[in-house]
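Understanding the architecture of this molecule
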Amino acid sequence: MEKVVILCLICTLGIAYATVDDILTLNPEPPLVNGLSWTFYKTSCPDLESVVRKRINFHLKKDITQAAGLLRVHFHDCFVEGCDGSVLLDGSASGPSEQDAPPNLTLRAKAFEIINDIKKHVEKACSGVVSCADLTALAARESVRAVGGPEYRVPLGRRDSLKFATRKVTIANLPSPTFNATTLIKALAKKKLDVTDLVSLSGGHTIGIAHCSSFSNRLYPTQDSTLNKKFAKGLYTTCPSKTTTNTTVLDIRTPNLFDNKYYVDLVNRQGLFTSDQDLYTHSSTREIVKKFAADQDIFFQKFAFAIVKMSQLSVLTGSKGEIRSNCSARNPSSIVEVATDDVIDTEFSVAFM
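Fair warning: this is a prediction, and the values are worked out from it, not measured in the lab. (Residues numbered from 1 in each chain as written. Predicted model: local features only at pLDDT ≥ 70, side-chain atom pairs only at ≥ 80, totals over all residues. Heavy atoms only, no water.)

1. Some remarks on the nonpolar core
Judged by nonpolar contacts, the single largest core of 75 residues is most densely connected at Leu48, Val122, Phe258 and Tyr263. Aside from chain neighbours lying at most four places away, what touches tyrosine 263 is Val199, Ser200, Ser202, Gly203, Val289, Phe292, Ala293 and Phe299. In this structure, Ala210, Cys212, Phe231 and Leu250 belong to the second largest nonpolar core, which totals 13 residues. (Core = buried A, V, L, I, M, F, W, Y, C linked by side-chain atoms within 4.5 Å. Buried < 20%, exposed > 50% of the residue type's maximum accessible area, 1.4 Å probe, protein only. Contact = heavy atoms within 4.5 Å.)

Written out as structure tokens, the structure is:
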């Protein structure tokens, strides 16, 4: 009887028209890691999510493309030693920051400015309470929502790292856009992310831009046979040589809207990166791509699940780390710690965002 009721609710509402509470009830969420909570700031900073939403709306009203930049920062933070706000740190006398590593050189400076602006406004509401790591996760959620994507709950309670990763560690943990699906599957498995998570998180490429250098391997010295010929012709116009520094959109259909058209691109052989298009070629991921291309609601459900799962990677909680007063710098009282290049995840070398 219970199954019938649930099915009827889906039929009546349709996921696209369901309220957030309905969606949360109907769709499972990943289990919470120790130290995180759905209501972490309920008492200490009750207006937190309202403040973050207002600031994101303010900034995206000025430039909608910043949504992709903020989502990308969240990915790059979590994939390198966990979701601890380390990517936000500026470099210091102890060494260059994560932002100075090659895969992060194209992270948008404005995205970091927006996170610092959110921090400033949150500090006015509840000083010294909310971590920059949590603000990064919330900013990504609000950015996805603001450009048409799913609304999902974000578990909170992360604390900020006292150090940034080395260049070697950063490179080793960010999947390259030249990776094929087999390599990506193995790489994400090390993060306890499965094949559905991989395809779902790749859907973040429904918004944003890419530099020619990220996909020039598909054009030079010879054209990738999986590229749609008309699509390739346009790419050659944008990137007339292997060393071109131009950019193009990741999703040619709706570049500033978070939807399932990225997967429609893949089905039509119009994926930009090797790591994108090979998801449609590989037998383990092809059917998921086709399902998402045909059903946006299913994609939204799986994306929400996967990004919440990702947002809990190797988080610092309890008394670990700190709550930064400035997202770009450790608190003055913090002990400076720098990772050594000896600790790396060797299989991970940026396919996501």
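Once you've had a look at it, read on.
2. Notes on unusual backbone geometry
For the peptide bond that leads from tyrosine 220 to proline 221, omega is 0 degrees, which places it in the cis range. Inspection of the secondary structure assignment puts proline 221 in the loop between strand 1 (209–211) and helix 10 (229–238). One non-glycine residue with positive phi stands out, namely glutamate 81, at about 60 degrees. Here glutamate 81 shows up in the loop between helix 4 (66–79) and helix 5 (109–125). On the basis of relative accessible area, glutamate 81 is assigned to the partly exposed category, the value being 25%. (Helix = DSSP H or I, 4+ residues; strand = E, 2+ residues; numbered from the N terminus.)

3. Let's talk about helix 13 (residues 286–294)
The set of residues buried in helix 13 consists of Ile288, Val289, Phe292 and Ala293. In an axial view of helix 13, the angular spread of the buried residues amounts to 135 degrees, which keeps them on one side of the axis. In this structure, the buried residues of helix 13 make contact with helix 9 (195–202), helix 11 (261–267), helix 12 (274–281) and helix 14 (296–310). (Arc of directions from axis to C-beta.)

4. Details of the state of the cysteines
In this structure the tally under the stated criterion is four disulfides. Shown here is the disulfide that connects cysteine 78 with cysteine 83, its sulfur atoms set 2.0 Å apart. Sign of the S-S torsion, about 120 degrees for the bond between cysteine 78 and cysteine 83, identifies this disulfide as right-handed. Of the two residues examined, cysteine 78 and cysteine 83, each falls in the buried class. The residue that forms a disulfide with cysteine 212 is cysteine 239, at a sulfur-sulfur distance of 2.0 Å. In this structure, the disulfide formed by cysteine 212 and cysteine 239 twists by about -80 degrees around the S-S bond and is classed as left-handed. Taken together, the residues cysteine 212 in the loop between strand 1 and helix 10 and cysteine 239 in the loop between helix 10 and strand 2 (247–249) connect sequence positions 27 residues apart. (Disulfide = S-S within 2.5 Å.)

5. Details of the packing of aromatic side chains
The full count for this structure, using the stated rule, is eleven aromatic pairs. On the numbers, 5.6 Å between centres and 85 degrees between planes, the contact of tyrosine 220 with tyrosine 236 is edge-to-face. Taken together, the positions of tyrosine 220 in the loop between strand 1 and helix 10 and tyrosine 236 in helix 10 put the pair 16 residues apart, joining distant regions of the chain. Classification of tyrosine 236 as partly exposed rests on a relative accessible area of 25%. By the ring-pair criterion, three or more aromatic residues cluster together here, those being Phe258, Tyr262, Tyr263, Phe292, Phe299, Phe300 and Phe303. Taking the ring centre of tryptophan 38 as reference, the NZ or CZ of arginine 153 above it sits at 4.2 Å. (Phe/Tyr/Trp six-rings, centres within 6.5 Å; stacked < 30°, edge-to-face > 60°. Lys NZ or Arg CZ within 6 Å of the ring centre and 35° of its normal.)

6. Concerning the packing of helix 9 against helix 14
Each pair of packed helices gets described by two things: the angle between the helix axes and the distance between those axes. With their axes 8 Å apart at the nearest point, helix 9 and helix 14 run at an angle of 105 degrees to one another. Classified by the interaxial angle, the pair formed by helix 9 and helix 14 is roughly perpendicular. For the pair helix 9 and helix 14, contact is made by Thr196, Asp197, Ser200 and Leu201 and by Phe299, Lys302, Phe303, Phe305, Ala306, Ile307, Lys309 and Met310, respectively. Among the residues forming the contact of helix 9 with helix 14, the class breakdown is seven nonpolar, two polar and three charged. (Axes fitted to C-alpha atoms, helices over the stretch in contact; angles between N-to-C directions. Parallel < 35°, antiparallel > 145°, perpendicular 65-115°, else oblique. Nonpolar A, V, L, I, M, F, W, Y, C, P; charged D, E, K, R; others polar.)

7. Re the pattern of salt bridges
Here the structure, examined in full by the defined rule, presents 16 salt bridges. Here lysine 110 and glutamate 113 are joined by a salt bridge, their closest N and O atoms 3.6 Å apart. Residue lysine 110 and its partner glutamate 113 are both found in helix 5; the two are separated by three residues, about one turn of the helix. According to the relative accessible area criterion, glutamate 113 is partly exposed, its value standing at 46%. Its salt-bridge partner being aspartate 197, residue lysine 309 comes within 2.6 Å of it at the nearest N-O pair. Of the two residues, lysine 309 sits in helix 14 while aspartate 197 sits in helix 9, which places them 112 residues apart along the sequence. For lysine 309, a relative accessible area of 22% corresponds to the partly exposed category. (Salt bridge = Lys/Arg side-chain N within 4 Å of Asp/Glu carboxyl O.)

8. Quick word on the environment of proline 155
Tracing the sequence through the fold places proline 155 in the loop between helix 6 (132–146) and helix 7 (167–173). By relative accessible area, proline 155 is classed as buried at 0%. The spatial distance from the C-alpha of proline 155 to the C-alpha of glycine 35 is 9.6 Å, given a sequence separation of 120 residues.

9. Thoughts on helix 12
Side chains three or four residues apart in an α-helix point the same way, a direct result of the helix having 3.6 residues per turn. Buried residues dominate helix 12, accounting for seven of its eight residues. Three or more residues of helix 12 are buried, namely Thr274, Ser275, Asp276, Gln277, Asp278, Leu279 and Tyr280. Turning to helix 12, the residues buried within the fold contact helix 8 (181–189), helix 9, helix 11 and helix 13.

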